[in-house]
Amino acid sequence: MRRLSKKKALTLVRELDAFPKVPESYVESSASGGTVSLIAFSAMAALAFLEFFVYRDTWMKYEYEVDKDFSSKLRINIDITVAMRCQYIGADVLDLAETMVASDGLKYQPVNFELSPQQKIWHMTLLHIQERLRVEHSLQDLIFKTAMKGSPPAQSGSVDSSTSLTACRIHGHLYVNKVAGNFHITVGKSIPHPRGHAHLAALVSHDSFNFSHRIDHLSFGEDIPGVISTLDGTEKVTTDSNHMFQYFITIVPTKLNTYKVAADMHQYSVTERERTINHAAGSHGISGIFMKYDISSLMVKVSEQHMPLWKFLIRLCGIVGGIFSTTGMLHSVMGFFVDVVCCRFQMGIYKRIKEENHMKTQQSAGQTAPPDTNLTQPIS
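What you are looking at is a predicted structure, and each value in this text was computed from that prediction instead of being measured. (Residues numbered from 1 in each chain as written. Predicted model: local features only at pLDDT ≥ 70, side-chain atom pairs only at ≥ 80, totals over all residues. Heavy atoms only, no water.)

*Asks:* Can you tell me about the pattern of salt bridges, naming the residues and giving the values?
*Replies:* Overall, the coordinates contain ten salt bridges when judged by the stated rule. Here Arg 315 ties to Glu 51 by a salt bridge, and the two come within 2.2 Å at their closest N and O atoms. One end of the pair, Arg 315, is in helix α5 (residues 309-345); the other, Glu 51, is in helix α2 (residues 31-56), with 264 residues separating them in the sequence. Arg 315 sits in the partly exposed class, given a relative accessible area of 36%. Judged by relative accessible area, Glu 51 falls into the buried class, the value being 9%. Note that Lys 255 is salt-bridged to Asp 264, the shortest N-O span being 3.0 Å. The class for Lys 255 is partly exposed, based on a relative accessible area of 33%. (Salt bridge = Lys/Arg side-chain N within 4 Å of Asp/Glu carboxyl O. Helix = DSSP H or I, 4+ residues; strand = E, 2+ residues; numbered from the N terminus. Buried < 20%, exposed > 50% of the residue type's maximum accessible area, 1.4 Å probe, protein only.)

Here's what the structure looks like:
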């Protein structure tokens, strides 16, 4: 009984076979079919190879939400070279609440304003990258992917301590409140004041004023090596001693999450303005470099996405099945049209050959017919 039940089960399974096997004696191979098969296999291999590169590639996903973090401090990373001696200028931050931020994290280093040949090459490369970033925004995704967490590379300072160093490199970082503020570099060192702060500019001659500057780096949040900020590489040169440079910056909090780094950084956009201070002409103000920043209430989440394995396998199956089906249909349609064209021009030949074959069949049938004989003999 068990054997009978197994046989019935196997028979039932065979009847449910959706892929019946065709005997090889019923299959006819052709040159056209072999050619189409080669084309189909080549297309499958090429598309599968390209699909593998798509599977290995990643892309950046951008999401937006309200920034609810208002209690933490904002870090400002600064590296600016000003064409004035360090004893003549001072840098600090004054936020919207009239709170003066201590600039203990900033270092003043005497340098030359002119760049060395190696530094000029790097500066030109940075300017070229900034130009391409303004045109091709997709390059920013590549910069995010290649970003690495860690301490930024230290820049080599000048070892010449002579009096020929007429510029000052201000570099370091500050921690400020997450409110709008004003980071500025102007004449004289800053001193605290009951209503804010003041700069001791009376002892500095106007002839020594020169706020030509180069922004090697300016970023907000964590300083991530490899990420290029908007003002990096900016250089402004003026021949007027009384000149004001203004940068109006809008900071956008950004959470970066890639396969290499996860960090809280800040992107920003900037509007630049500069003018000459001339009180006689009605252009009032203070000579210096002023960076007025404001923080956006929206936060951007940037995450690196990757195609899952199951989706890659489904796409491969779609490629193989689609090419098989498409090439099979094209081969059948082309064969049909070839048969139609051949039958139109050779209809008479096919008809005559068919009649001759029919006559030969009838003749061979008459010759091979057995004679009608009686197998029994009468008994006398």
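Text resumes after the structure shown.
*Asks:* Could you give an account of helix α3 (residues 117-135), naming the residues involved and the relevant values?
*Replies:* Here α3 spans 28 Å end to end across 19 residues, near enough to the 27 Å set by a 1.5 Å rise per residue. Among the residues of α3, His 123, Leu 126, Gln 130 and Leu 133 are the ones counted as buried. In a view along the axis of α3, the buried residues occupy a sector of 80°, so they form one face of it. In α3, the exposed residues that point more than 90 degrees away from the buried face are Pro 117, Gln 118, Ile 121, Met 124 and Val 135. For α3, the elements touching its buried residues are α4 (139-146), β10 (213-221) and β11 (234-236). (Expected span 1.5 Å × (residues − 1). Arc of directions from axis to C-beta. Contact = heavy atoms within 4.5 Å.)

*Asks:* Hey, could you go over the packing of aromatic side chains for me, with residue numbers and the actual values?
*Replies:* A full pass over the atoms with the stated rule returns eight aromatic pairs. Among the aromatic residues, ring-to-ring pairing joins Phe 49, Phe 52, Phe 53, Tyr 55 and Phe 312 into one connected group. Over the ring of Phe 113 we find Arg 214; its NZ or CZ atom is 4.9 Å from the centre of that ring. (Phe/Tyr/Trp six-rings, centres within 6.5 Å; stacked < 30°, edge-to-face > 60°. Lys NZ or Arg CZ within 6 Å of the ring centre and 35° of its normal.)

*Asks:* Just give me the short version of the pairing of strand β13 (residues 262-276), but keep the residues and values in it.
*Replies:* Direction of pairing for β10 relative to β13: antiparallel, over a ladder of two bridges. Each bridged residue has a counterpart across the sheet, and for Gly 221 the counterpart in β13 is Met 265. Where strand β12 (residues 243-257) and β13 come together, 15 bridges link them in antiparallel fashion. Residue pairing in the sheet places Asn 257 in a bridge with Ala 262 of β13. Taken together, β12 and the strand that follows it, β13, pair antiparallel across an intervening segment of four residues. (Pairing = 2+ DSSP bridges.)

*Asks:* Can you explain a nonpolar patch on the surface? Please cite residues and give values.
*Replies:* On the surface, a nonpolar cluster with roughly 500 Å² of combined accessible area is contributed by Leu 47, Phe 49, Leu 50, Phe 52 and Phe 53. If you trace the backbone, Phe 49 turns up in helix α2. (Patch = residues over 30% accessible without salt bridge, like charges linked within 9 Å, V, L, I, M, F, W, Y side chains within 5 Å. Areas by Shrake-Rupley, 256 points an atom, 1.4 Å probe, with all protein chains shown as cover.)

*Asks:* Could you give an account of the environment of Gln 130, with specific residues and numbers?
*Replies:* You can see Gln 130 is positioned in helix α3. In the structure, Gln 130 is positioned 103 residues away from Gly 233 in sequence and 8.1 Å away in space, judged by C-alpha atoms. Excluding residues that lie within four positions of it along the chain, Gln 130 makes contacts with Ile 228, Ser 229, Thr 230, Leu 231 and Asp 232.

*Asks:* Outline the side chain of Asp 223, supporting the account with residue identities and numerical values.
*Replies:* Secondary-structure assignment places Asp 223 in the loop between β10 and β11. Engagement of the side chain of Asp 223 in a polar contact is seen with the side chain of His 217, the distance being 3.2 Å. (Polar contact = N/O pair within 3.5 Å; in protein donor to acceptor, adjacent residues only side chain to side chain.)

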